[in-house]
Amino acid sequence: MTVNENVDAEARAAAVEVWIAATKQTLVIGDLTWDAAWSDLRRIAVNYILRRQLEALDATVVLAKVGLGHLAVGFIRPALDELLWMLWVKDLPQQDAQNLLMVMGQSDGIRSLLAQRAYVGDAVMQELWYPVTFLDAQEQQLTRANDELAKIREQFDWSGRPLPRASWVAKQTGHKDLYDYLHAAASRALHFSMGEVMRNGWGEPDGKVVTLKPEFREYRTNFALYQLPSLFLKTASACQEFFEYAGITEREDEAVGKQVLAATEALGKFGRVPLVHAHEWNLTPSGPLRLPKKN
């Protein structure tokens, strides 16, 4: 695919919408059985991840239609993390993957519960049906989960506590270059970043500064519309071996296959969208922008 920075975001969004509809016809995400889900937690993770990413794509199209597609850059970081994690855990021995994902799930859930307890207090928690004895037991369970995570961390020798850093996971999968390209930049859309503040401030010397300039909104919209389908396809490919027991069906229908191919080719013609636009660095096709010197 060629690089194309100047495609109309509305046209790209329309092409993505057609591609999503075709993809949903060929990749049907249904329910999975309890036994299948809990005997290998990678299966429920695959079901959730692909469903969530498709919903994020739906939301991106909706946002693009009302001029807010630039906000969809915030969907890129979760999709990237999901891809990296599935690329890693899919090749782990089944029991190792099960132990890791189970204790991760326990730790995440208990930490959220106890954070709520600390914030609202036991009286409110009891109004929400949580007995004090139950909450105290979860404190002990969190300690056991953290101890188990420490053992698993020692087993895999990962960097980061209690969970491995995303950069470490990326290295295990051979995708450190993708991580370096997308992770930090996409993360800035999710939390305060002075770099993000500054790159969204546009203006002329000695004039007014405009934040979130319309042209930059459209550029960011195009970037999200380019990256999210790409990440979904990579994630689906990484997860394919789990489809049979993850409640996911690939329809083998010639007509549907042609629709997907046509939609994919149409989307591909729009080209790639780089993360950083040369205008951010005051660069033009004719060279650096000549700015007046300040006295």
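No experiment lies behind these values; they were computed from the predicted model shown.

Chemist: Explain the overall build of the protein chain here, please?
Modeler: Looking only at helices and strands, the protein chain has twelve helices and six strands in total. C-alpha atoms of the protein chain, sized along the principal axes, occupy 65 × 60 × 40 Å. Counting all 295 residues of the protein chain, 42% fall into the buried class. Within the protein chain, residue pairs in contact and separated by at least 24 positions form 76% of the contacts whose partners lie at least 6 positions apart. If the 32 positive side-chain charges of the protein chain are averaged to one point and the 37 negative ones to another, these points end up 7 Å apart.

Chemist: Where do I start with helix α4 (residues 76–89) in this structure?
Modeler: Structurally, the α-helix is built with 3.6 residues per turn, so residues lying three or four positions apart point the same way. A rise of 1.5 Å per residue sets the reference length of α4, with its 14 residues, at 20 Å; its end C-alpha atoms lie 20 Å apart and thus fit the reference within 8%. Of all the 14 residues making up α4, twelve are buried; the element is thus mostly covered by neighbouring parts of the structure. Those residues of α4 not exposed but buried are Ile76, Ala79, Leu80, Asp81, Glu82, Leu83, Leu84, Trp85, Met86, Leu87, Trp88 and Val89.

Chemist: Would you mind showing me how to read the packing of helix α5 (residues 94–120) against helix α7 (residues 132–156) here?
Modeler: Packed helices, taken two at a time, are described by their axes: the angle between them and the distance between them. Direction vectors running N to C along α5 and α7 enclose 140°, while the axes themselves pass 9 Å from each other. If you check the angle between α5 and α7, you find them oblique. The handedness of the crossing between α5 and α7 is left-handed. Each residue belonging to the contact of α5 with α7 can be placed in one class, and the counts come to 14 nonpolar, seven polar and six charged.

Chemist: Got a minute to help me understand unusual backbone geometry in this structure?
Modeler: Trans peptide bonds make up most of the peptide bonds, and negative phi angles are found at most residues other than glycine. The amide bond that connects Arg161 to the next residue, Pro162, takes the cis arrangement and shows omega of -5°. Structurally, Pro162 is set in the loop between α7 and α8 (166–173). With a phi angle near 55°, Leu212 is a residue other than glycine that sits in the positive phi range. Relative to the helices and strands, Leu212 resides in the loop between β3 (209–211) and α11 (214–239). Assessed through its relative accessible area of 31%, Leu212 is described here as partly exposed.

Chemist: In this structure, what is going on with the packing of aromatic side chains? I would like to understand it.
Modeler: Any two aromatic rings considered together are summarised by their centre-to-centre distance and by the angle between their planes. Applying the stated criterion to the full structure yields ten aromatic pairs. Residues Trp88 and Phe156 carry aromatic rings whose centres are separated by 5.4 Å and whose planes lie at 75° to one another, so their mutual orientation is edge-to-face. In this pair, Trp88 sits in helix α4 while Phe156 sits in helix α7, placing the two residues 68 residues apart along the sequence. Judged by its relative accessible area of 19%, Phe156 falls in the buried class. Taken together, a centroid distance of 5.3 Å and an interplanar angle of 50° make the contact between Trp202 and Phe216 tilted. Placement of Trp202 in strand β2 (residues 201–203) and of Phe216 in helix α11 is noted, with a sequence separation of 14 residues between them. Phe216 carries the same exposure label as Trp202, and that label is buried. A connected cluster of aromatic rings, assembled from ring pairs, spans Trp85, Trp88, Phe156, Trp158 and Trp168.

Chemist: Would you mind going over a nonpolar patch on the surface with me for this structure?
Modeler: On the surface, Trp34, Trp38, Ile44 and Met102 cluster together into a nonpolar patch covering about 420 Å² of accessible area. Assignment of secondary structure puts Ile44 in helix α3 (residues 41–65). Taking the relative accessible area as the measure of exposure, Ile44 reaches 33% and is therefore partly exposed.

Chemist: I tried to follow the environment of Asn222 on my own but got confused; where do I start?
Modeler: Tracing the sequence through the fold places Asn222 in helix α11. A distance of 2.9 Å separates the side chain of Asn222 from the side chain of Arg12, its partner in a polar contact.

Chemist: What exactly am I supposed to notice about the nonpolar core here?
Modeler: A general feature of soluble globular proteins is that nonpolar side chains tend to end up buried together. Judged by nonpolar contacts, the single largest core of 74 residues is most densely connected at Val46, Trp88 and Leu100. Residues within four places of Val46 in sequence aside, it is in contact with Met86, Cys239, Phe242, Phe243, Ala246 and Ile248.

Chemist: Is there a simple way to think about the environment of Asp108 in this case?
Modeler: Mapped onto the secondary structure, Asp108 falls in helix α5. For the pair Asp108 and Glu127, spaced 19 residues apart in sequence, the C-alpha separation works out to 23 Å.

Chemist: Help me understand the layout of surface pockets in this model?
Modeler: Sizing a probe to match a water molecule and rolling it over the atoms shows the empty space that remains. Counted as a void, the second largest pocket has a volume near 600 Å³. Taken together, 23 residues form the lining of the second largest pocket, with Ala45, Ile49, Leu101, Met104 and Asp108 sitting closest to its centre. Per-element tally for the lining of the second largest pocket: the top contributor is α4, with seven residues.

Chemist: How do you make sense of the packing of helix α1 (residues 9–26) against α3 when you look at a structure like this?
Modeler: The geometry of α1 relative to α3 is characterised by a closest axis approach of 10 Å and an angle of 155° between their N-to-C directions. In terms of their interaxial angle, α1 and α3 are classed as roughly antiparallel. Handedness of the α1/α3 crossing: left-handed. Contacts between α1 and α3 involve Ala13, Val16, Glu17, Trp19, Ile20, Thr23 and Lys24 from the first element and Leu54, Leu57, Asp58, Val61, Ala64 and Lys65 from the second.

Calculation rules
Each chain has its residues counted from 1, running along the sequence as written. Given that the model is predicted, a residue must reach a pLDDT of at least 70 before its local features are reported, and side-chain atom pairs must reach 80 or more before they are shown or counted; all residues, however, enter totals for whole chains, interfaces and linings. Hydrogens and water are ignored here; the side-chain numbers use all heavy atoms of the structure. Secondary structure is summarised from DSSP: a helix means a run of H or I of at least four residues, a strand means a run of E of at least two, and numbering begins at the N terminus for each. Accessible area is worked out with a 1.4 Å probe on protein chains only. A residue is then buried under 20% of its type maximum, exposed over 50%, and partly exposed in between. The contact criterion used is simple: two residues touch if any of their non-hydrogen atoms lie within 4.5 Å. Counted as positive: Lys and Arg. Counted as negative: Asp and Glu. His and the chain ends are not counted at all. Just so you know, the charge point we use is NZ for Lys, CZ for Arg, CG for Asp and CD for Glu. Take the residue count of a helix, subtract one, and multiply by 1.5 Å to get its expected span. Each axis is a line fitted through C-alpha atoms, and for a helix only the stretch in contact is used; angles between axes span 0 to 180 degrees, taken between their N-to-C directions. Orientation labels follow simple angle bins: below 35 degrees gives roughly parallel, above 145 gives roughly antiparallel, 65 to 115 gives roughly perpendicular, and whatever is left gives oblique. In a left-handed crossing the near helix is turned counterclockwise from the far helix by less than a right angle, and in a right-handed crossing that turn is clockwise. In the scheme used here, Gly and all other residues not listed as nonpolar or charged are polar, with Ala, Val, Leu, Ile, Met, Phe, Trp, Tyr, Cys and Pro taken as nonpolar and Asp, Glu, Lys and Arg as charged. Each Phe, Tyr or Trp ring, with Trp reduced to its six-membered ring, pairs with another whose centre is within 6.5 Å; inter-plane angles below 30 degrees give stacked pairs, above 60 give edge-to-face pairs, and intermediate values give tilted ones. Every patch collects residues that have over 30% relative accessible area and no salt bridge, joining them within 9 Å if they carry like charges and within 5 Å if they are nonpolar side chains (Val, Leu, Ile, Met, Phe, Trp, Tyr). Each accessible area value is a Shrake-Rupley result obtained with a 1.4 Å probe; residue values ignore everything except the protein chains displayed when judging cover. Take a side-chain nitrogen of Lys or Arg and a carboxyl oxygen of Asp or Glu: if they are within 4 Å of each other, that pair is a salt bridge. Pairs of N or O atoms within 3.5 Å make up the polar contacts considered here, provided that, within protein, one atom can donate a hydrogen while the other can accept it, and that residues adjacent in sequence are counted only when both atoms are side-chain atoms. What is meant by a nonpolar core is a set of buried Ala, Val, Leu, Ile, Met, Phe, Trp, Tyr and Cys residues, joined one to another through side-chain atoms within 4.5 Å. Here a cavity is any set of points on a 1 Å grid over the protein atoms alone where a 1.4 Å probe fits but cannot get out, and a pocket is any open set with protein on both sides within 12 Å along at least 5 of 7 lines; a residue lines the site when it has an atom within 4 Å of a point. Grid points are joined across faces, edges and corners, and a volume is the space filled by probe spheres set on the points.

So, to be careful, I would describe these as geometric facts and stop short of saying anything about function.
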